[in-house]
Amino acid sequence: MRIMIRSLTALLLAGSALTAGEHTLPVLGVAEGYSVELVAGPPLVQRPIAMALDERGALYVTDSSGKSPHGKEVLKDLGNRVLRLIDDDGDGRYDRSTVFADGLTFPEGCLWLDGSLYVGTTPTITKLTDADGDGVAERREIWYDGKTLTGCANDLHGPYLGADGMVYWCKGAFDEQQHTVAGQPWRSRAAHIFRCRPDGSRFEPVMTGGMDNPVDVVQTSRGQRIFTSTFFQHPEAGRRDGLIHAVHGGVWGKDHDVVRGHRRTGDLMPVLTHVGAGAPCGLTVLESRVPGEESFDHLMVCQFNLHKVSHHRLSDQGSTVTIRDRDLLWSASVDFHPTDVIEDADGSLLIADTGAWYKICCPTSQLAKPDVLGAVYRIRRSAAVTLKDPRGLDLDWSTTEAAILAARLADPRPAVRNRAQHLLGKQGASAVPALSASFGTADAMTRRTVLWTLARIDDAVARAASRGGLSDRDTGVLEVACQVAALWQDAQATAALMPLLRHEHAGLRRVAVEAFGRSA
């Protein structure tokens, strides 16, 4: 059944109260140099959890039933849904909403990929497809089944798309899962980040941990994986949750018995930054550049318990990264619970506030208030440059000319680059000559993008072209080339990797060692 909801939305000024229908929304504060506005409130959305954008700008929002079932009771709560929001007049605020899919279990993530929406429907990931274009998904497929569902429903978060074209998701809780890795049976009770190609091949664990609940994972332009997690350690001295740099094969988190038996070379790996009992969840890495800080990666993190969104700037420190933290958006309201943050094509940020319904296994959220609804907000930099046609909808996307698509990898608009990457990756080996030609004349950032595009192609000619990046003059490009060699366990890359094992840049040496170890 198709349901359409319409609502008027209005500007939210920091420090001012606002109502949406009969609902009063929280007062918000925002960092200097930024503004915030309401772009979808009740009745368009009620309890938004996770969000994804498609190529044309439709916003998909997972919307909770408002219930907090425990354990296997999650399977009986089918009142959750996915909404599809449309901005008819292009003003950045959403005007109408349709139910894209309903009858879902607890939705803990969503990803738009190749014409379908992948939703984390605990304990599975469900692929939803609208084949006839009417705004309603008529096809449902189980893309992944973890087969575990513990008391706190934290067995699965995601999925997320990495810069390498791999699909990532997180497994918390401590029920044993059994999988096949590189053709061999594999089992573990620990927390993990998993990944595989969109077709399900090359499944593997990336990180092992004794933390309770890894939630969101992103990959920077150089390939560093950062994830959010609760209970990284037993609560002590204001420390509990945090952000972690997930080096492939590492073991993190508190020294729980679930990590025993997993290979380690020393102590458990440390946290990147502590956030106390913040319950960090939704996470995004900016693809647009922050003026004056273009050389840094910037993360935006939702902190559910602390009622805020924080901004974290990454910079190199030895073989890992260091981080500078500040608050971006906040509220004094205990009912403001941000759960997801994503970047729109124009560089603005969309924030989902789920409201006050959630109480599963959260020590600081024990009073469920399902009648206190949430909303979606947009944060903009006050000095942001307005991009013309930020999604590149005026371009001809029906072309199959690889050289034209490869040229778009240098486009200043992230949405254009991402769409070109996807289409070139689908072309496979036939796109490699155009990618190789563009690599030789491109700037360093575009060369990274070319390598990440080659990483999506399962063919020997793509591996040979990727090896060209191992002799690049730019450290960041070299790191990406190492990441691609490690991903594909490219045995023919070992000779080119040898000099990088002695490189002066410690972070590059680390990824070169990983690539060499996985490929030799």
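Refer to the structure printed above.
Since the structure is predicted, the reported quantities are computational estimates derived from the model, not experimental observations.

Scoring rules and cut-offs
- Residues numbered from 1 in each chain as written.
- Predicted model: local features only at pLDDT ≥ 70, side-chain atom pairs only at ≥ 80, totals over all residues.
- Heavy atoms only, no water.
- Helix = DSSP H or I, 4+ residues; strand = E, 2+ residues; numbered from the N terminus.
- Rg over C-alpha atoms; globule rule 2.2 N^0.38 Å.
- Buried < 20%, exposed > 50% of the residue type's maximum accessible area, 1.4 Å probe, protein only.
- Contact = heavy atoms within 4.5 Å.
- Areas by Shrake-Rupley, 256 points an atom, 1.4 Å probe, with all protein chains shown as cover.
- Lys, Arg positive; Asp, Glu negative; His and termini not counted.
- Charge placed at Lys NZ, Arg CZ, Asp CG, Glu CD.
- Expected span 1.5 Å × (residues − 1).
- Pairing = 2+ DSSP bridges.
- Phe/Tyr/Trp six-rings, centres within 6.5 Å; stacked < 30°, edge-to-face > 60°.
- Core = buried A, V, L, I, M, F, W, Y, C linked by side-chain atoms within 4.5 Å.

Novice: Explain the overall build of the protein here, please?
Specialist: Of the regular secondary structure elements, the protein holds eight helices and 31 strands. The C-alpha atoms of the protein give a radius of gyration of 22 Å, which matches the 24 Å a tight globule of 520 residues would have. Seen through its C-alpha atoms, the protein measures out along the principal axes to roughly 65 × 55 × 45 Å. Counting across all 520 residues of the protein, residues that qualify as buried make up 61%. In the protein, once contacts between residues fewer than 6 apart in sequence are set aside, the share between residues at least 24 apart is 58%. Of the roughly 20700 Å² that the protein leaves accessible, carbon and sulfur atoms contribute 51%. Counting 56 positive and 63 negative side-chain charges, the protein places the averaged centre of each group 3 Å from the other.

Novice: Can you help me understand helix α4 (residues 444–455) in this one?
Specialist: Within an α-helix, residues lying three or four positions from one another point in the same direction, as the helix has 3.6 residues per turn. Its twelve residues give α4 an end-to-end C-alpha distance of 17 Å, which sits within 8% of 16 Å, the value for a rise of 1.5 Å per residue. Counting buried residues in α4 gives ten out of twelve residues, a clear majority hidden from the surface. All of the buried residues in α4 are T446, R447, R448, T449, V450, L451, W452, T453, L454 and A455. Each element contacted by the buried residues of α4 is listed here: β20 (213–219), α2 (414–427), α3 (432–441), α5 (460–467) and α6 (475–488).

Novice: Would you explain the sheet that holds strand β15 (residues 167–171) in this entry?
Specialist: Two orientations exist for strands paired in a sheet by backbone hydrogen bonds: parallel and antiparallel. Pairing within the open sheet is mixed, and its five strands lie in the order β14-β15-β18-β19-β23. The strands lining the two open edges of the sheet, one partner per strand, are β14 (157–161) and β23 (251–252).

Novice: When you look at the sheet that holds strand β28 (residues 320–330) in this model, what are you seeing that I'm missing?
Specialist: The strand order across the open sheet built from five strands is β4-β28-β27-β26-β25, with neighbouring strands paired in antiparallel fashion. What marks the edges here is a single partner per strand, and that holds for β4 (29–30) and β25 (280–285). With two bridges joining them, β4 and β28 adopt antiparallel strand pairing. Considered in β28, the bridge of V30 is made with L329.

Novice: Teacher, can you tell me more about the pairing of β25 here?
Specialist: Where burial is concerned, most of β25 is hidden: six out of the six residues are buried. Note that β25 and strand β26 (residues 297–303) share four bridges and pair antiparallel. Residue T284 lies in a different strand from β26, and its bridge partner there is M300.

Novice: What exactly am I supposed to notice about the packing of aromatic side chains here?
Specialist: When we look at a pair of aromatic rings, we describe it by the centre distance and by the angle of the planes. By the definition in use, this model includes 14 aromatic pairs. An angle of 45° between the planes, with centres 5.9 Å apart, marks the rings of W169 and F203 as tilted. Note that W169 is positioned in strand β15 and F203 in the loop between β18 (191–196) and β19 (204–209), a separation of 34 residues in sequence. Among the residues examined, F203 registers a relative accessible area of 14% and is labelled buried. Between F304 and Y358, the aromatic rings sit 5.7 Å apart at their centres with planes inclined by 80°, giving edge-to-face as the arrangement. Remark: Y358 occurs in the loop between β30 (349–353) and β31 (375–381) and F304 occurs in the loop between β26 and β27 (308–317); sequence separation between them is 54 residues. In this structure, F304 and Y358 share a single accessibility class: buried.

Novice: Hey, could you run me through the environment of L44 in this one?
Specialist: Structurally, the position occupied by L44 is in the loop between β5 (34–40) and β6 (48–53). Here the alpha-carbon distance between L44 and G172, two residues 128 residues apart in the chain, equals 31 Å.

Novice: Before we go on, may I ask you to explain unusual backbone geometry in this structure?
Specialist: Glycine aside, the phi torsion of most residues is negative, and most peptide linkages are trans. Looking along the chain, the bond that leaves P42 and enters P43 is cis, with omega of 5°. The amide bond that connects T122 to the next residue, P123, takes the cis arrangement and shows omega of 5°. With respect to the helices and strands, P123 occurs in the loop between β11 (116–121) and β12 (124–129). Even without being glycine, K147 reaches a positive phi, approximately 65°. Checked against the element boundaries, K147 lands in the loop between β13 (139–145) and β14.

Novice: Can you walk me through the nonpolar core in this structure?
Specialist: One recurring pattern in soluble globular proteins: nonpolar side chains tend to sit buried together. Counting residues in hydrophobic clusters, the biggest one holds 56 residues, and the most contacted among them are I193, F227, L424, L435, C482 and L500. For this core, the element with the highest residue contribution is α6, accounting for ten residues. Residues in contact with L500, not counting those within four places in the same chain, are L470, L478, C482, L508, R509 and A512. The next biggest cluster of nonpolar side chains, apart from the first, holds 34 residues, and it includes L38, L328, L349 and I379.

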